[in-house]
Amino acid sequence: ERQQKSERRVGMGTMGLAEMLIRLGIRYGSPESLEFIDRLYGFIAREAYLASVELAREKGPFPAFDAEKFLMSGFMRSMPDDVREQVRRYGIRNVTLLTQAPTGTTGTMVGTSTGIEPYYAWSYYRFGRLGRKEIVEPIVEEWFDRHPEVPRDFKNLPRYFVTALELTPEEHVRVQAAIQRWVDSALSKTANLPSHYTVEQTMELYNLAIRLGCKGITIYRDRSRDEQVLM
């Protein structure tokens with residue numbers, strides 16, 4: 001209790017990023033998406049930090065706050081100068097504010113894409129305690145309903161409809177890096193690899209993550225386990 005109250009960590013996040021990009025006609029993983037993600041999550045980070053500053057003005061900063069040490073962190077050095085000045089002058093209520101959780105269950109419950117991940121597939125089987133269930137993503141059915149003249153074949157979807165295994169592993173990592181720039185804590189993001197991916201290619205992917213400044217990287221090579229949750 002003493003540790004938690006001395007720092008007041010919170011972890012606000014998002015879900016539905018992939019759905020949002022589709023509705024905007026932006027292909028997940030494209031250079032255009034990276035630019036959009038930078039502006040979107042930069043806005044979220046800025047507003048979250050300014051709100052925490054306002055709480056610090058009202059209630060005081062978190063007890064362990066030390067302005068100079070806090071502003072020396074790598075994350076704060078990349079924040080806009082006006083945000084840094086507000087933190088220096090008034091303090092901040094929470095030592096960290098932002099995270100990106102996987103939201104696998106909640107995203108599925110409300111019918112949107114989970115966390116910051118792309119859609120896994122447009123149609124797939126989910127295995128759970130109640131057995132196997134076939135899923136067809138609602139956004140695909142909605143698009144075909146709005147375009148009855150188009151045959152209902154996933155190959156006929158616009159280019160900005162893209163799934164996890166259609167993205168290159170490098171595109172996965174670049175999206176992670178773009179979002180992580182504006183996340184002060186941790187994030188959940190998987191780089192999906194095709195089943196033929198080699199050890200050497202995996203090493204190159206880890207090196208890319210290092211060059212882009214990722215804190216860590218999660219990879220999953222398709223069919224690397226006899227049974228997996230999604231097929």
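Here, every reference points to the structure presented above.
Quick summary incoming for the structure in this document.

### Overview of the packing of helix 3 (residues 31-59) against helix 6 (residues 81-90)
So, step 1. Relative to each other, helix 3 and helix 6 sit at 15°, their axes nearing to 10 Å. On the basis of their axis angle, the class for helix 3 and helix 6 is roughly parallel. Between helix 3 and helix 6 lies a crossing of left-handed hand. On helix 6, the residues touching Arg46, Tyr49, Leu50, Val53, Ala56 and Arg57 of helix 3 are Asp82, Val83, Gln86, Val87 and Tyr90.
So, step 2. Taken together, the residues of the contact of helix 3 with helix 6 sort by class into seven nonpolar, one polar and three charged.

### A word on the pattern of salt bridges
A side chain with one charge can pair with a side chain of the opposite charge if their charged atoms come near.
So, step 1. Here the structure, examined in full by the defined rule, presents 16 salt bridges.
So, step 2. Salt-bridge contacts for glutamate 1 lead to lysine 5; the nearest nitrogen and oxygen are separated by 2.7 Å.
So, step 3. Residue classification places lysine 5 among the partly exposed residues on the basis of a relative accessible area of 45%.
So, step 4. Here lysine 59 ties to glutamate 58 by a salt bridge, and the two come within 3.9 Å at their closest N and O atoms.
So, step 5. For glutamate 58, a relative accessible area of 62% puts it in the exposed group.

### Description of the nonpolar core
So, step 1. Counting residues in hydrophobic clusters, the biggest one holds 46 residues, and the most contacted among them are Leu17, Tyr49, Phe70, Val87, Ile92 and Ile179.
So, step 2. For this core, the secondary structure elements donating two or more residues are helix 2 (17-24), helix 3, helix 4 (67-71), helix 5 (74-77), helix 6, helix 8 (138-146) and helix 9 (169-180).
So, step 3. Examining the composition of this core, we find that eight residues originate from one element, helix 3, more than from any other.
So, step 4. Not counting residues up to four positions away in its chain, the partners in contact with valine 87 are Val53, Phe65, Phe70, Leu71, Met76 and Ile92.
So, step 5. Core analysis: the second largest hydrophobic core is formed by 10 residues, Val173, Tyr197, Leu205 and Leu208 among them.

### So, helix 2
So, step 1. Looking at helix 2, one finds that the buried residues are Leu17, Ala18, Glu19, Leu21 and Ile22.
So, step 2. Looking one or two residues beyond helix 2, the residue adopting positive phi is glycine 25, at roughly 75°.

### Some thoughts on the pairing of strand 4 (residues 218-221)
So, step 1. Sheet topology note: the strand 3 (residues 190-193)/strand 4 ladder contains four bridges and is parallel. Paired with leucine 193 across the two strands is arginine 221, which belongs to strand 4.
So, step 2. In this fold, strand 3 hands off to helix 10 (residues 199-211), which returns the chain to strand 4; that crossover is right-handed.

### Re the packing of aromatic side chains
So, step 1. Counted under the stated rule, the structure contains 10 aromatic pairs.
So, step 2. For the pair tryptophan 143 and phenylalanine 161, a centre-to-centre distance of 6.2 Å together with 70° between the ring planes defines the contact as edge-to-face. Pair noted here: tryptophan 143 is in helix 8 and phenylalanine 161 is in the loop between helix 8 and helix 9, with a separation of 18 residues, a long-range link.
So, step 3. A cation over an aromatic ring shows up here: arginine 57 above the ring of tyrosine 90, its NZ or CZ 4.0 Å from the ring centre.
So, step 4. Positioned above the aromatic ring of tyrosine 125 is the side chain of arginine 132, whose terminal nitrogen or guanidinium carbon lies 4.0 Å from the ring centre.

### Comments concerning the pairing of strand 2 (residues 131-136)
So, step 1. Here strand 1 (residues 123-128) pairs with strand 2 via six bridges, running antiparallel. Along strand 2, the bridge assignment pairs glycine 128 with glycine 131.
So, step 2. Between strand 1 and strand 2, which pair antiparallel and follow one another directly, the connecting turn spans two residues.

### What about unusual backbone geometry?
Glycine aside, negative phi is the norm for most residues, and most peptide bonds take the trans geometry.
So, step 1. The backbone of threonine 103 sits at a positive phi, close to 45°, despite the residue not being glycine.
So, step 2. By the secondary structure assignment, threonine 103 is in the loop between helix 6 and helix 7 (104-110).

Analysis parameters
Residues numbered from 1 in each chain as written. Predicted model: local features only at pLDDT ≥ 70, side-chain atom pairs only at ≥ 80, totals over all residues. Heavy atoms only, no water. Axes fitted to C-alpha atoms, helices over the stretch in contact; angles between N-to-C directions. Helix = DSSP H or I, 4+ residues; strand = E, 2+ residues; numbered from the N terminus. Parallel < 35°, antiparallel > 145°, perpendicular 65-115°, else oblique. Left-handed = near helix turned anticlockwise from the far one by under 90°. Contact = heavy atoms within 4.5 Å. Nonpolar A, V, L, I, M, F, W, Y, C, P; charged D, E, K, R; others polar. Salt bridge = Lys/Arg side-chain N within 4 Å of Asp/Glu carboxyl O. Buried < 20%, exposed > 50% of the residue type's maximum accessible area, 1.4 Å probe, protein only. Core = buried A, V, L, I, M, F, W, Y, C linked by side-chain atoms within 4.5 Å. Pairing = 2+ DSSP bridges. Right-handed = clockwise from strand over helix to strand, strands pointing away. Phe/Tyr/Trp six-rings, centres within 6.5 Å; stacked < 30°, edge-to-face > 60°. Lys NZ or Arg CZ within 6 Å of the ring centre and 35° of its normal.

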